[in-house]
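# Summary of the model geometry
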Amino acid sequence: MTNTIPLDNSAQNNPDIREWKSIIAGTLLTACGLAVYMLMPLHIGAMMSKLSLTTAQAGLLSGSEYYAIGIASLFGPLWIHRFNWQKVALFAATMACVGHIATILLDNFALIVIARIFTGLFGEGVLYAISFAVLAETRNPDRSFGIAIAVSSLIAAIAVWNSSLLLELFARNSMVVALLGITIIVFTVIKFTPMGSKKTPHCIPKKNTSPHYRLWIPITGLTVLTLWFVGPGGFWTFGERIADSQGISNTEISTVFALTAGLAILGPLLAAGIGERLGRICPVVLPSIIMTLSVWAFTSNI
């Protein structure tokens, strides 16, 4: 008679391990959706230089992708609990890769705009929506969102820091190649993404937390970020062009934007540490006022 040793599935069934797998998946999904915003200034700068775009065309190129991501993300709550999150993530990552590759191969401005809308609507925006749902379902959403945004900022900072090298290698497509690389990494963590099934919760829910409250978290977050993308985000988008018009070198511009993205890590880490101690209104209103004053001061030459 042969003795068999039962397999130890404790690691797979450990809620802490499942929790961190969800955080890892949610973080990289967030990075894939957020990277386009962080890299947009250098992307627009390269496109304007190589394709001789006007300011209006550059605004159309960036704004159309921002709106596409925002629309896809805001509609996320309507379908997020209807489909398998792993399959949707696989589809969205594939569509994002298709859109990035199409952008690299195309030379016509109108077709590039269509490719970016396609990428935002069926790729980046969908991944962003899934990331918010995944992170909102973790036991400590504040910490999870903080980690996700901080890591996303770090990834963007690394890409921006090497933008001069990427520009030499890939010309106007340098930032698109960086976005493509980040998207490819997402494929490695799709298996960590929860199925999204109500019958098999992937983590221990918080006590006294209603489904309506947990759905409110991603909806609010996506709404706020969409408003930011299409509002003050426009100022950020043309930051590279503003610096270039002042005679600042590409190397210096890359360094400044990399440091900016790197310092952005502090914000989400602070938010993760504060949690709900100061409520929800103050941590949102105060930074918004500061950013508004900063934009006003810059545009007013103060």
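All chains use their own residue numbering, which begins from 1 and follows the written sequence. Note on the predicted model: pLDDT of at least 70 is required for a residue's local features to be given, and 80 or more for side-chain atom pairs to be given and counted; whole-chain, interface and lining totals, by contrast, use all residues. Side-chain metrics rest on all non-hydrogen atoms present in the structure, leaving aside hydrogens and water.

## Re the overall build of the chain
Secondary structure assignment for the chain yields 15 helices and zero strands. In the chain, which comprises 302 residues, the proportion classed as buried is 44%. On the chain, roughly 15,600 Å² of surface is accessible, and the fraction owed to carbon and sulfur atoms is 70%. Only DSSP runs of H or I reaching four residues or more are called helices, and only runs of E reaching two or more are called strands; each is numbered from the N terminus. Residue burial is assigned from relative accessible area. The probe radius is 1.4 Å, only protein chains are included, and a residue is buried under 20% of its type maximum, exposed over 50%, and partly exposed in between. The method behind every accessible area is Shrake-Rupley, applied with a 1.4 Å probe, and residues are considered shielded solely by the protein chains displayed.

## A few points about the nonpolar core
Nonpolar side chains tend to gather and get buried jointly when the protein is soluble and globular. With 40 residues, the main nonpolar core has Leu39 and Leu61 as its most contacted residues. Of all the secondary structure elements, the ones that give two or more residues to this core are α2 (15–51), α3 (55–74), α6 (109–136), α7 (141–161), α9 (174–186) and α13 (250–263). The dominant element in this core, judged by the number of residues it contributes, is α2, at 11 residues. With sequence-adjacent residues up to four places away left out, leucine 61 is seen in contact with His43, Ile44, Met47, Leu53, Phe109, Ile112, Val113 and Arg116. In these notes, a set of buried Ala, Val, Leu, Ile, Met, Phe, Trp, Tyr and Cys residues joined through side-chain atoms within 4.5 Å is what counts as a nonpolar core. Among the nonpolar cores identified, the runner-up in size contains 17 residues, and Trp79, Ile80, Ala133 and Val186 belong to it. By the convention used here, residues are in contact when the closest approach between their heavy atoms is within 4.5 Å.

## Topic: the packing of helix α8 (residues 163–170) against α9
Here an angle of 0 to 180 degrees is reported between the N-to-C directions of two axes, which are lines fitted to C-alpha atoms, with helices fitted over the stretch in contact. Remark: α8 packs on α9, axes separated minimally by 8 Å, with the N-to-C direction vectors making an angle of 105°. By the angle between their directions, the pair α8 and α9 is classed as roughly perpendicular. Here Ser163, Leu166, Leu167 and Phe170 of α8 lie close against α9, whose contacting residues are Ser174, Met175, Val177 and Ala178. By residue class, the composition of the contact of α8 with α9 is six nonpolar, two polar and no charged. Convention used here: angles under 35 degrees read as roughly parallel, angles over 145 as roughly antiparallel, angles from 65 to 115 as roughly perpendicular, and any remaining angle as oblique. Here the nonpolar group is Ala, Val, Leu, Ile, Met, Phe, Trp, Tyr, Cys and Pro; Asp, Glu, Lys and Arg are the charged ones; every other residue, Gly included, is treated as polar.

## Side note on the environment of leucine 106
Mapping leucine 106 onto the fold places it in the loop between α5 (85–105) and α6. Among the residues examined, leucine 106 registers a relative accessible area of 24% and is labelled partly exposed. Beyond its immediate chain neighbours, meaning those up to four positions away, leucine 106 contacts Leu111, Ile112, Ala115 and Arg172.

## A few points about the confidence of the model for the chain
Values of pLDDT, ranging from 0 to 100, describe the predictor's confidence in every residue of the model. Mean pLDDT over the chain: 80, with 79% of residues reaching 70 or higher. Averaged over each element, pLDDT in the chain is lowest for helix α1 (residues 10–13) (53) and highest for α5 (95). A low-confidence stretch, residues 4–8 (pLDDT under 50), is modelled with zero contacts involving residues beyond four sequence positions or located in other chains.

## Points about α13
With 14 residues, α13 extends 20 Å from end C-alpha to end C-alpha; this agrees with the ideal 20 Å at 1.5 Å per step. Listing the buried residues of α13 in full gives Ile253, Ser254, Phe257, Ala258 and Ala261. The buried residues of α13 occupy one face: seen down the axis, they fall within an arc of 130°. Facing away from the buried side of α13 by more than 90 degrees, the exposed set consists of Thr251 and Leu263. Expected span, for any helix, means 1.5 Å times one less than how many residues it has. Here the arc refers to the directions that run from the helix axis out to each C-beta atom.

## Comments concerning the pattern of salt bridges
By salt bridge we mean one thing: a side-chain nitrogen of Lys or Arg within 4 Å of a carboxyl oxygen of Asp or Glu. With the rule as written, the count across this model stands at four salt bridges. Close ionic contact of arginine 116 with glutamate 65 constitutes a salt bridge, the shortest N to O distance being 2.8 Å. Here glutamate 65 lies in helix α3 and arginine 116 lies in helix α6, a separation of 51 residues in the sequence. On the basis of relative accessibility, which here comes to 1%, the residue arginine 116 falls in the buried class. With a relative accessible area of 1%, glutamate 65 lands in the buried category. The partner of glutamate 124 in a salt bridge is arginine 116, and the shortest N-O contact between them spans 3.6 Å. With respect to class, glutamate 124 is no different from arginine 116; both count as buried. Here the salt bridges do not stand alone but share partners, grouping Glu19, Arg139 and Arg143 into one network.

## A few points about the packing of α7 against helix α14 (residues 266–274)
Their axes nearest at 8 Å, the elements α7 and α14 cross at an angle of 170°. Relative to α14, the element α7 is oriented roughly antiparallel. Only Pro268, Leu269 and Ala272 of α14 make contact with α7, whose side of the interface consists of Asp142, Arg143, Gly146, Ile149 and Ala150.

## Brief notes about the packing of aromatic side chains
Aromatic rings from Phe, Tyr and Trp, with only the six-membered ring used for Trp, were paired whenever their centres fell within 6.5 Å, and each pair was classed as stacked if the ring planes differed by under 30 degrees, edge-to-face if by over 60, and tilted otherwise. In the structure shown here, the tally under the stated rule is four aromatic pairs. Ring geometry for phenylalanine 118 and phenylalanine 122: centres 5.4 Å apart, planes at 50°, overall tilted. Of the two residues, phenylalanine 118 and phenylalanine 122 both sit in helix α6, four residues apart, roughly one turn of that helix. On the basis of relative accessible area, phenylalanine 118 is assigned to the partly exposed category, the value being 29%. Taken together through their ring pairs, the aromatic side chains of Tyr128, Phe132 and Phe145 make up a single cluster.

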